[in-house]
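# A structural walkthrough
Below are the chains, spelled out letter by letter.
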Amino acid sequence: MYRYDEFDAEFVHSRVAQFRDQVVRRLDGRLSEAEFRPLRLMNGLYLQLHAYMLRVAVPYGTLRSDQLRMLAHLADKYDKGYGHVTTRQNMQFNWPVLSDVPEMLTDLASVDMHAIQTSGNCIRNVTCDPYAGAAADEIEDPRPMAELIRQWSMLHPEFAFLPRKFKIAVTASSQDRAMIKGHDIGIQVVRNEAGEVGYHIIVGGGLGRTPVIGQTLRAFLPKDDLLPYLEATMRVYNRFGRRDNKYKARIKILVRETGIEDFTRLVEDEFAALDPSDIAVGAAERARIATYFASPAFETGIKPLDMASQPEVFRKWVDTNVVAHAAPGYAIVNISLKDPERAPGDVTTEQMRAVADLADAHSFGELRFTHQQNIVLAHVRQDALRAVWDGLVAADLEDANINLIGDIICCPGMDFCALATARSIPVAQAIAERFEDHDRQQAIGEMQIKISGCINACGHHHVGHIGILGLEKAGVEFYQVTLGGDATQTAAIGDKMGAGFSQEELVDGIERIVDFYVGAREHDERFLDTYRRLGTEAFKEVLYASA
Amino acid sequence: MSTLKHKGKGPQAMTANELVSGLSVWMTTDLNWSRDYADALLTEDETVIEKMDEIAKAAEQANTVVGAYFIDTVDAKPARYRERFRTHGPSYDTADLISES
Ligand code: SF4
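Residues numbered from 1 in each chain as written. Chains lettered and ligands numbered in written order. Predicted model: local features only at pLDDT ≥ 70, side-chain atom pairs only at ≥ 80, totals over all residues. Heavy atoms only, no water.

The name that an unreviewed UniProt entry assigns to chain B is DUF2849 domain-containing protein, with the source organism given as Algimonas ampicilliniresistens.

Under an unreviewed UniProt entry, chain A has the name Sulfite reductase and belongs to Algimonas ampicilliniresistens.

Quick look at the structure:
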């Protein structure tokens, strides 16, 4: 895990001191709201529909157990006893009071945390494969690269006022769990034909009002060139990205309007013209950063659990929530934050502390927030799985639904978000309740339902196998459906169905689609496979068939 | 102050967020602020509306509230869905489950 050096620590502390003073000046009126607003946003503090919201950065989604305990402390002391894991691997608090925020930031700084890069038209907190450093199919841990990008981007003055926000996601696996094709820039660690490790750079992806799948900017970039190449890309975006219309300001629009060939040429020309020695980070510095992410001391000779002697409910949880690890004898544990009665991604302080304890006892004191709004313990001995599960049961965190229909991604929607057009949380709850039976979920198989409360698509509905967008007309909420979206390496934007539904009709319609799929699938086809085989019309007909 | 969000049709109410807590408030009949929409002053009287505007501006200057704006109302309820929603807060909050347990 990355530890702040003295410069990082000094910077974050000075930033907190500045903000403390800014809050004092806001409260006594020396700063107007217009002057203060950009300052609070630079520190992750939004004014939402009912209250302030503080978004805390969790760089590349990785955090230490003491950091999770600190988040629990903040939620208990300054908020309402819970936090919300976001689709960008951060944590939000829904009810902070302005005058407490400097204290919250001070507490965060004491564990190397902050709320920088969680708002504004800057390069946002970099997101990452939550199985980084543990995945069996990984070339190398992508987090040192993500950390390098964090260091380069956090204070870069040229990129503090971009045309629009800018999101980067990284992975080192061929199985894309970071949605790299749905980001402004996606980076995949790859090997070229000569066996060298470098980066595949994807550009111009994004969801929101204009969903676009990213395209290859450079199929193989040598490691030394990473920062100069990103810098060249950002310069092109900064220069040519539109600033006259915020709906056309993201890099995806620039890439689309320029064409990928011409855009690539612009970047390559810029890259050729800049002096990389000012920017490039050599192998020695990369190796230094990588030491922070060195694999923990895995033990050998671990015997797998005798599953036959374990209770069925535990075995089901293992089948669903536990994934193969690169190291023999270890496993990756997914902790679901998708209790059907809760808002997806919400976690209470008791649960946070329980997870922190489990991370200390069984996963080298480290854990991850996922963009699917769950938590991962990345390095668990297989013979400790039962102990972990017992701990999760005690904390009411044993839902066995990872990647199943109950594992719904859902933004806060109208219940909390100032930009929302409709609620999303109650829709997620209604669907989760309808499909609550574990065996039914298991029988349906892999299924990603994603719900957004407005066109901004924070709930990634465009890339849901079933995507749901909440809208409102004349005071009534309704929900539009897309089908066939895909957030992985085979990324696709879902196909829009027709007219929207009320919440009740929607849940019935989804059930019809799911039942149709289960009846029509061949062999072990996933929902997506059957959808692709049978085509949109077949599913559309079922969706709109009256019950 | 933004008054763009209302069409100026029907009785008007004035809303804002408290500076310190961020919570939603509405201007009351005694030209103060309340967190309860039931206390809100609704009026079509242009003179009163002007007065509300002045007081809201002054409250922003005095740093008690931020982002004050008028909303349209119909049958004593905010006309826009979003504004209706603001009057009763989230329909779901994990905080409620915690306080129940
Ligand atoms: S999708 Fe819309 S409603 Fe949901 S969090 Fe994003 S901005 Fe808010």
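Still to come is the rest of the account.
## Remarks on the overall build of chain A
Along its length, chain A carries 17 helices and 20 strands. By the compact-globule yardstick of 24 Å for 547 residues, chain A fits well, its C-alpha radius of gyration being 23 Å. For chain A, the C-alpha atoms occupy an extent of roughly 60 × 60 × 60 Å along the three principal directions. Taking the intrachain contacts of chain A between residues at least 6 apart in sequence as the baseline, contacts between residues at least 24 apart amount to 67%. For chain A, the exposed surface amounts to about 20,400 Å²; the carbon and sulfur share of it is 51%. For chain A, the separation between the mean place of its 59 positive charges and that of its 77 negative charges on side chains is 5 Å. (Helix = DSSP H or I, 4+ residues; strand = E, 2+ residues; numbered from the N terminus. Rg over C-alpha atoms; globule rule 2.2 N^0.38 Å. Contact = heavy atoms within 4.5 Å. Areas by Shrake-Rupley, 256 points an atom, 1.4 Å probe, with all protein chains shown as cover. Lys, Arg positive; Asp, Glu negative; His and termini not counted. Charge placed at Lys NZ, Arg CZ, Asp CG, Glu CD.)

## Looking at a negative patch on the surface
Together, Glu341, Asp396, Glu433, Glu436 and Asp437 of chain A give the surface a local cluster of negative charge. Tracing the sequence through the fold places Glu433 of chain A in helix α13 (residues 425-434). (Patch = residues over 30% accessible without salt bridge, like charges linked within 9 Å, V, L, I, M, F, W, Y side chains within 5 Å. Salt bridge = Lys/Arg side-chain N within 4 Å of Asp/Glu carboxyl O.)

## Let's talk about the domain arrangement of chain A
Residues and elements named next belong to chain A. When cut into domains, chain A gives domain 1 (6-109), domain 2 (127-288), domain 3 (326-394) and domain 4 (409-543). Summarising the inter-unit geometry, the C-alpha centres of domain 1 and domain 2 are found 27 Å apart. In this assembly, 7 residues from domain 1 lie in contact with 12 residues from domain 2. Where domain 1 meets domain 2, there are 1 salt bridge. Note that Arg150 is salt-bridged to Asp8, the shortest N-O span being 3.7 Å. Counting every contact that joins domain 1 to domain 2 gives 3 residue pairs in polar contact (both at pLDDT 80 or more). The residue makeup of the side of domain 1 that touches domain 2, split by class, is 3 nonpolar, 2 polar and 2 charged. (Domains from an automatic or database assignment. Polar contact = N/O pair within 3.5 Å; in protein donor to acceptor, adjacent residues only side chain to side chain. Nonpolar A, V, L, I, M, F, W, Y, C, P; charged D, E, K, R; others polar.)

## Some points on the pairing of strand β4 (residues 82-85) of chain A
All names here are of chain A. Here β4 shows no split at all, with Tyr82 and His84 on one side and Gly83 and Val85 on the other all buried. Bridge count between β4 and strand β13 (residues 346-348): 3 bridges; the pairing is antiparallel. When the bridges of β13 are listed, Gly83 appears paired with Val347. Remark: 5 residues form the turn of the hairpin made by β4 and strand β5 (residues 91-93), two consecutive strands paired antiparallel; Gln89 in that turn has positive phi of roughly 65°. (Buried < 20%, exposed > 50% of the residue type's maximum accessible area, 1.4 Å probe, protein only. Pairing = 2+ DSSP bridges.)

## Quick word on the site of the ligand
In the region of the ligand, the neighbouring residues are Cys411, Pro412, Gly413, Cys417, Leu419, Ala420, Gly453, Cys454, Asn456, Ala457 and Cys458 of chain A. When its residues are assigned to classes, the shell around the ligand shows 8 nonpolar, 3 polar and no charged. (Near = heavy atom within 4 Å.)

## Comments concerning the sheet that holds strand β5 (residues 77-78) of chain B
Residue and element names in this part refer to chain B. Pairing is antiparallel in the open sheet, where 5 strands are placed in the order β3-β2-β1-β4-β5. Both outer strands of the open sheet, β3 (33-34) and β5, are each paired with one neighbouring strand and no more. One ladder, built from 6 bridges, connects strand β1 (residues 12-18) with strand β4 (residues 65-74); its direction is antiparallel. Residue Glu18 lies in a different strand from β4, and its bridge partner there is Val65.

## What to know about the side chain of Asp93 of chain B
Relative to the helices and strands, Asp93 of chain B resides in the loop between α2 (81-88) and α3 (94-100). Lacking a salt bridge, the buried Asp93 of chain B has Lys80 of chain A as its closest oppositely charged neighbour, with an N-O distance of 4.4 Å. One polar contact links Asp93 of chain B to Trp95 of chain A, side chain to side chain, over a distance of 3.0 Å. The contact partners of Asp93 of chain B, leaving out residues within four places of it in the chain, are Lys80, Tyr82, Trp95 and Phe416 of chain A.

## Concerning the packing of helix α6 (residues 226-240) of chain A against helix α8 (residues 260-273) of chain A
All names here are of chain A. α8 packs onto α6 with a crossing angle of 120° between their chain directions and a minimal axis gap of 8 Å. Considering their axes alone, α6 and α8 lie oblique with respect to each other. Here α6 and α8 pass one another in a crossing that is right-handed. Residues Pro228, Tyr229, Ala232, Thr233, Arg235, Val236 and Phe240 of α6 form the contact with α8, whose own contacting residues are Phe263, Leu266, Val267, Glu268, Glu270 and Phe271. Class assignment of the residues belonging to the contact of α6 with α8 gives a composition of 9 nonpolar, 1 polar and 3 charged. (Axes fitted to C-alpha atoms, helices over the stretch in contact; angles between N-to-C directions. Parallel < 35°, antiparallel > 145°, perpendicular 65-115°, else oblique. Left-handed = near helix turned anticlockwise from the far one by under 90°.)

## What about the UniProt feature "domain: Nitrite/sulphite reductase 4Fe-4S" (unreviewed entry) in chain A?
Residues and elements named next belong to chain A. Under the local residue numbering, the UniProt record ascribes the feature "domain: Nitrite/sulphite reductase 4Fe-4S" (unreviewed entry) to residues 119-271 and 407-543. Across residues 119-271, helical content stands at 31% and strand content at 18%; the span's end C-alpha atoms are separated by 28 Å. With 37% helix and 18% strand, residues 407-543 has end C-alpha atoms that lie 21 Å from one another. (UniProt positions renumbered as here; feature names shortened; annotations may be inferred.)

## Focus on the environment of Ile455 of chain A
All names here are of chain A. By the element assignment, Ile455 lies in the loop between β17 (449-452) and β18 (466-473). Linking Ile455 and Leu419, residues 36 residues apart in sequence, is a C-alpha distance of 9.3 Å. In this view, Ile455 contacts Gly208, Arg209 and Leu469; residues no more than four positions away in its chain are not counted.

## Re the interface of chain B and chain A
At the junction of the two partners, chain B supplies 24 residues and chain A supplies 36 residues. For the pair chain B and chain A, the summed buried area comes to about 2,400 Å², and 61% of that belongs to carbon and sulfur atoms. Three residues stand out in chain B for area buried against chain A, namely Leu19, Tyr81 and Tyr92 of chain B, and they jointly supply 25% of the buried area on that side. Applying the counting rule to chain B against chain A returns 13 residue pairs in polar contact (both at pLDDT 80 or more). Looking at which element gives the most residues to the side of chain B that touches chain A, the answer is α2 of chain B, with 5 residues. (Buried area = accessible area lost by both parts, 1.4 Å probe.)

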